[in-house]
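Structural characterization, general
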Amino acid sequence: MVTESPLWTPSSARISRLPLTAIAEAAGQRTGLALASYDALHDWSIGEPEAFWDLVWDFCGVIGDKGGTVLADGDRMPGAAFFPEASLNYAENLLGRGFEGEAIVFRGEDKVERRLNWAELQALVSRLQQLLVSLGVRAGDRVAAMMPNMVETVAAMLATAACGAVWSSCSPDFGVQGVLDRFGQIEPTVFIAADGYWYNGKPIDLSDKLAAVAARLPSVKKVLVVDYLGAARGVAARIAGAEALDDALKPFAPAKVMFERLPFSHPLFILFSSGTTGIPKCIVHSAGGTLLQHLKEHRLHAGVVEGDRFFYFTTCGWMMWNWLVTGLASGATLLLYDGSPFHPDGNVLFDYAEAERMTHFGTSAKFIDSVRKAGLRPIDSHDLSSVRTISSTGSPLSPQDFRFVHDGIKRDVHLASISGGTDIVSCFVLGVPSQPVWEGEIQGAGLGMAVDVWDDAGRPVCREKGELVCTRPFPSMPVGFWNDADGARYRAAYFERFANVWCHGDFAERTAHGGIIIHGRSDATLNPGGVRIGTAEIYNQVEQMPEITEALAISQEFDDDVRVVLFVRLAEGVMLDEMLEKTIRARIRSGASPRHVPARIVAVADIPRTKSGKITELAVRDIVHGRAVKNREALANPEALDLFRDIPALME
């Protein structure tokens, strides 16, 4: 449905101050073109990629040697090479710019608070780098971390990157096998982990898990235990080759951080697919591609400038952590939070925003929905005048939650729904701060990203659903997958659907306003009668109902056809009776279409989620069809899968 007016429109004064406006003017000066609109700027950025990415390098002040070539083999996907003659170091671009003031503020629920200025952060990174070098870590080696989102995690990553080594991290709430499924593939030299963490006000001891993981990582030469609960020395004493980080750092005094400059395509991060349908893919991202893409998104799309207070609620197992940390390169203060976003209550992150004068508040669609359903109204209870941008990702943000952000959190705020993923450690579509925000829509494709929506025949479509594709190369395409020497798995993941085109696996739609709506993952779309339906369209209807806390929909193979099955987690005290089923079906029929109406509606006590909070439609579909879920360790609540096994209503 097309709304008559935008939800929010930036003022002319606001637009004039944007880095996006400044780079459009710079592009016009270089080219002689009139790039007065975002559409014109975007068209130029994908039509002249060498000129655009060369300008981004200069405009964002990348530290390094650019070389004479911006793009080689630009007609190949995969195979294109950005800045093939360049050399740089990611950590140098975050630490080597001479910023002053606070670099990091950390809160671990209501238990721990720490602050580091830029000099203190550099001192810690220096000591960590000296330690890593003393342990034999060299360029290309892997350093793995099972860590909370805390100061030492950021500093250890920067020390790793300064050496040219490769960083990989996961959240400490992963099970033993989940950690081993990831780190066991990449054979780290050093393993860093905390002694525990706080969640819902309770200390979570990691000693047994850490000991079990360390015993099964034979490549690890040293285990470093970070003190968070006050038990690091005791935990380290139980593990062969382990040492408390504080003790390991004692021989090293702060010194100048040494940055090893390496090729643009040198590996920086290894991230992992969610792994609910098999062992996780190890996705290797480059230092240059990650840096340049993040600088573009932070500066131009989020409007980040020096001195901003930059927050995203994330764990270290989600790509948004990597995205957040690069904010240091723009001179922003990182606001880190670890623990439950609802302890002691749902106001804790808004308390943090008010106290720290947060400028960018990043979170998940699920969090916004939970705040709305809890009846909270931060607009009435908190001073959020410093917040310029609220970002949402992880799953599609529903139209009612778009409205809630402006009605219940802050009216004059840029609401940026963003979408991309672990695969590119960045975004395909995201906020455009110079453009209006329309209810339920992501504003547009990122600069330099040739994003489109194609039908099954590979034809562009508008106001129709299809596959989200990117038709031209971009810098943050993965270097490849780990242990995929011939690139066969990498090509199969993204390039087999359409030749020489990245097919992302999102079911999407271009809107009349030039925006994008994500309707869910392509492999989770519903196919009743051969018609593809996005699951988000159903959720947008039923999750508005006060009786429904959350929902999950799948296609069930039944009687030589496919039917839609809707699972609902009900609000407290609500029963799924005939009247409520009738109401749900009527709501879906009128709000979506008759084809969206489920054949079966089943109440469940819980819905399984990945560690980053995404519901797992594919895993539920496998359980319903009697197939094994290959990697339950990827789930935050794997026990919930058992609720979907052998349901009588689905047998008839």
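Everything that follows concerns the structure shown earlier in this document.
Below is a summary of the structure that appears in this document. Bear in mind the structure is a predicted one, so any value in this text is a computation, not a measurement. Residue numbers run consecutively from 1 along every chain, following the written order of its sequence. Residues qualify for local features only when their pLDDT is at least 70, as the model is predicted, and side-chain atom pairs are given and counted only at 80 or more; totals for whole chains, interfaces and linings, by contrast, use all residues. Side-chain metrics rest on all non-hydrogen atoms present in the structure, leaving aside hydrogens and water.

Digging into the nonpolar core
Core analysis: the largest hydrophobic core is formed by 102 residues, its most contacted members being Tyr90, Leu121, Leu158 and Ile192. Strands here mean DSSP runs of E at least two residues long; helices mean DSSP runs of H or I at least four residues long; both are numbered from the N terminus. Tallying contributions element by element places helix 7 (residues 151–162) first for this core, with 9 residues. Not counting chain neighbours up to four residues away, the residues in contact with Tyr90 comprise Met157, Ala161, Leu268, Phe269, Ala287, Thr290, Leu291, Asn322, Val325 and Thr326. Side-chain atoms within 4.5 Å are what join buried Ala, Val, Leu, Ile, Met, Phe, Trp, Tyr and Cys residues into a set we call a nonpolar core. Throughout, exposure labels follow a simple rule: accessible area from a 1.4 Å probe, protein chains only, divided by the maximum for the residue type, with under 20% read as buried, over 50% as exposed, and the rest as partly exposed. Here a residue-residue contact requires only that any non-hydrogen atoms of the pair lie within 4.5 Å.

Thoughts on the environment of Leu158
Counting through the fold element by element, Leu158 comes out in helix 7. Separated by 10 residues in sequence, Leu158 and Ser168 have C-alpha atoms that sit 12 Å apart. For Leu158, the residues in contact, after removing those within four places along its chain, are Ala91, Leu94, Leu95, Leu121, Val125 and Leu328.

Re the sheet that holds strand 22 (residues 419–421)
Following DSSP output, two strands are said to pair if at least two bridges run between them. Strand order in the open sheet formed by 3 strands is 22-23-24, and the pairing between neighbours is antiparallel. Taken across any chain shown, the strands that pair with only one partner, and hence form the sheet edges, are strand 22 and strand 24 (444–445). Here strand 23 (residues 426–430) runs beside strand 24; their pairing, made up of 2 bridges, is antiparallel. In the strand pairing of strand 24, Val429 is matched with Ala445.

Points about the sheet that holds strand 1 (residues 64–65)
Sheet architecture is open: 3 strands sit in the order 1-4-14, paired in antiparallel fashion. Each end of this open sheet is capped by a strand with a single partner; those strands are strand 1 and strand 14 (262–263). In terms of strand pairing, strand 1 meets strand 4 (residues 87–88) through 2 bridges, oriented antiparallel. Paired with Gly64 across the strands is Leu88, a residue of strand 4.

Quick notes on helix 4 (residues 49–59)
Every buried residue of helix 4 is accounted for by Pro49, Phe52, Trp53, Asp54, Leu55, Val56 and Trp57. Phi for Gly61, located one or two positions after helix 4, is positive at around 65°.

Section: the environment of Tyr352
Structurally, the position occupied by Tyr352 is in helix 14 (residues 348–356). Relative accessible area serves as the criterion here: at 0%, Tyr352 is assigned to the buried category. Other than its neighbours up to four places away in sequence, Tyr352 contacts Val105, Phe106, Arg107, Phe311, Leu335, Leu336, Tyr337 and Met358.

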